[in-house]
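The chain contents come next:
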Amino acid sequence: MTRLLEGKTVLVTGASAGIGRAAAIGAARHGADVAINFSRDTAGAEAAVKEIEALGQRGLAVQGDVSDPETATAFVKAATDAFGKVDVFVNNAGICPFHAFLDMPVETFERTMRVNLHGAYFMVQAAANQMVNQGHGGAIIAVSSISALVGGEYQTHYTPTKAGLHSLMQSTAIALGRHGIRCNSVLPGTILTDINKDDLADQEKRDRMAARVPLGRLGEPDDLAGPIVFLASDLAKYVTGASLLVDGGAYVNLQ
Ligand SMILES: NC(=O)C1=CN([C@@H]2O[C@H](COP(=O)(O)OP(=O)(O)OC[C@H]3O[C@@H](n4cnc5c(N)ncnc54)[C@H](O)[C@@H]3O)[C@@H](O)[C@H]2O)C=CC1
Ligand SMILES: C[C@H](O)[C@@H]1OC(=O)[C@H](O)[C@@H]1O
């Protein structure tokens, strides 16, 4: 297999499970040393590092709540201290506590914004500052969502954060282009992870979501690894400010 990230250092937030973990392992498979951020799942984070090391790459797990701006600078510093540089940053950590709009609790709204959007802003800023100081460019990928483009009745607090990530990558692509730093987003469709485990326990909803996917199935975390590795790699050397739907065709499927 051609290793697309040979010698690179890749940082991924929220990577003890789900899409982030798949992205971290995918980067290691392609020759990268990988630092992961995690919030509480120490066992998952340690297992992810073991998988990275079993692939012959260096791994590092750094605990921190991305909603705290200091987590961003601490994560980037720890990775830089351990591996000497930051080449690729994947902003993945996120939450989606489903809730109706009319009685949305203030704390639920604010927590979702702080984790998904504010946390991303500080993380991307910290990674970009390190890349600028290094002077040899880099790649930043935000895990946005199909929900940046469409709505959800119980996601009125969530979809704006995903749209915000999509827009953040467009603006940072402009701000960072002069430094050779590319910024892009992936827009996953419905992917089977912990974030929607409870929601998709409703078999009728799960069947309804799967039925609108032309490829005939809901996604798995590993379906995101390739697109993220692509955007991180030199194969995408002229791609910035772009967004890549990874949804099995769900978005375009009206009838
Ligand atoms: N699963 C899906 O259908 C889709 C997921 N996404 C996005 O993918 C990203 C990853 O989510 P999934 O892997 O699906 O779910 P997940 O729940 O398995 O992963 C989310 C990760 O973020 C971490 N996290 C949550 N809050 C954190 C915080 N404050 N600080 C640090 N880490 C924190 C969690 O511990 C977990 O490891 C999220 O940004 C989500 O919005 C986007 C589109 C579809
Ligand atoms: C949590 C949702 O099931 C998941 O996250 C998103 O961004 C999309 O709305 C997916 O359906």
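Anyway, here's the lowdown on the structure attached to this text. (Residues numbered from 1 in each chain as written. Chains lettered and ligands numbered in written order. Predicted model: local features only at pLDDT ≥ 70, side-chain atom pairs only at ≥ 80, totals over all residues. Heavy atoms only, no water.)

**A few points about the site of ligand 1**
Right, so step 1: Taken together, 29 residues surround ligand 1, and among them Ile19, Asn92, Tyr158, Ile191 and Thr193 come closest.
Right, so step 2: Within the backbone of Asn92, a nitrogen or oxygen atom sits 2.7 Å from an oxygen atom of ligand 1.
Right, so step 3: Ile195 has a polar backbone atom sitting 3.5 Å from an oxygen atom of ligand 1.
Right, so step 4: Protein chains bury 92% of the 820 Å² of accessible surface belonging to ligand 1 in isolation.
Right, so step 5: Considered class by class, the residues forming the shell around ligand 1 number 11 nonpolar, 14 polar and 4 charged. (Near = heavy atom within 4 Å. Polar contact = N/O pair within 3.5 Å; in protein donor to acceptor, adjacent residues only side chain to side chain. Areas by Shrake-Rupley, 256 points an atom, 1.4 Å probe, with all protein chains shown as cover. Nonpolar A, V, L, I, M, F, W, Y, C, P; charged D, E, K, R; others polar.)

**What about the pattern of salt bridges?**
Right, so step 1: For the coordinates displayed, the defined rule picks out 12 salt bridges.
Right, so step 2: Arg21 is the partner of Glu51 in a salt bridge, and the nearest nitrogen-oxygen pair spans 2.8 Å. Within this pair, whereas Glu51 is found in helix 2 (residues 42-54), its partner Arg21 is found in helix 1 (residues 18-29), the two being separated by 30 residues in sequence.
Right, so step 3: The class for Glu51 is partly exposed, based on a relative accessible area of 31%.
Right, so step 4: With a closest N to O distance of 3.1 Å, Arg111 and Asp65 form a salt bridge. Placement of the pair is Arg111 in helix 4 (residues 106-134) and Asp65 in the loop between strand 3 (59-63) and helix 3 (69-83), with a sequence separation of 46 residues.
Right, so step 5: Overall, Arg111 belongs to the partly exposed group, its relative accessible area being 28%. (Salt bridge = Lys/Arg side-chain N within 4 Å of Asp/Glu carboxyl O. Helix = DSSP H or I, 4+ residues; strand = E, 2+ residues; numbered from the N terminus. Buried < 20%, exposed > 50% of the residue type's maximum accessible area, 1.4 Å probe, protein only.)

**Observations regarding the packing of helix 1 against helix 2**
Right, so step 1: Running from N to C, helix 1 and helix 2 cross one another at 20°; their axes reach a closest spacing of 9 Å. When the axis of helix 1 is compared with that of helix 2, the two are roughly parallel. Once helix 1 is placed against helix 2, the crossing between them reads as right-handed. Contacts between helix 1 and helix 2 pair Arg21, Ala24, Ile25 and Ala28 from the former with Gly44, Ala47, Ala48, Glu51 and Ile52 from the latter. (Axes fitted to C-alpha atoms, helices over the stretch in contact; angles between N-to-C directions. Parallel < 35°, antiparallel > 145°, perpendicular 65-115°, else oblique. Left-handed = near helix turned anticlockwise from the far one by under 90°. Contact = heavy atoms within 4.5 Å.)

**So, the packing of aromatic side chains**
Right, so step 1: Applying the stated criterion across every chain yields a total of 1 aromatic pair.
Right, so step 2: A ring pair is formed by Tyr121 and Phe122, whose centres lie 6.2 Å apart and whose planes are at 85°; its orientation type is edge-to-face.
Right, so step 3: When its relative accessible area of 45% is taken as the criterion, Tyr121 is described as partly exposed. (Phe/Tyr/Trp six-rings, centres within 6.5 Å; stacked < 30°, edge-to-face > 60°.)

**Considerations on the site of ligand 2**
Right, so step 1: Neighbouring ligand 2 are Cys96, Phe98, Ser145, Ser147, Gln155, Tyr158, Gly189, Thr190, Ile195 and Asn196.
Right, so step 2: A distance of 2.7 Å is found between an oxygen atom of ligand 2 and a side-chain nitrogen or oxygen belonging to Ser147.
Right, so step 3: Separating an oxygen atom of ligand 2 from a side-chain N or O atom of Asn196 is a distance of 3.2 Å.
Right, so step 4: Expressed as a share of its isolated accessible area of 290 Å², the protein-covered part of ligand 2 is 91%.
Right, so step 5: Split by residue class, the shell around ligand 2 holds 4 nonpolar, 6 polar and no charged.

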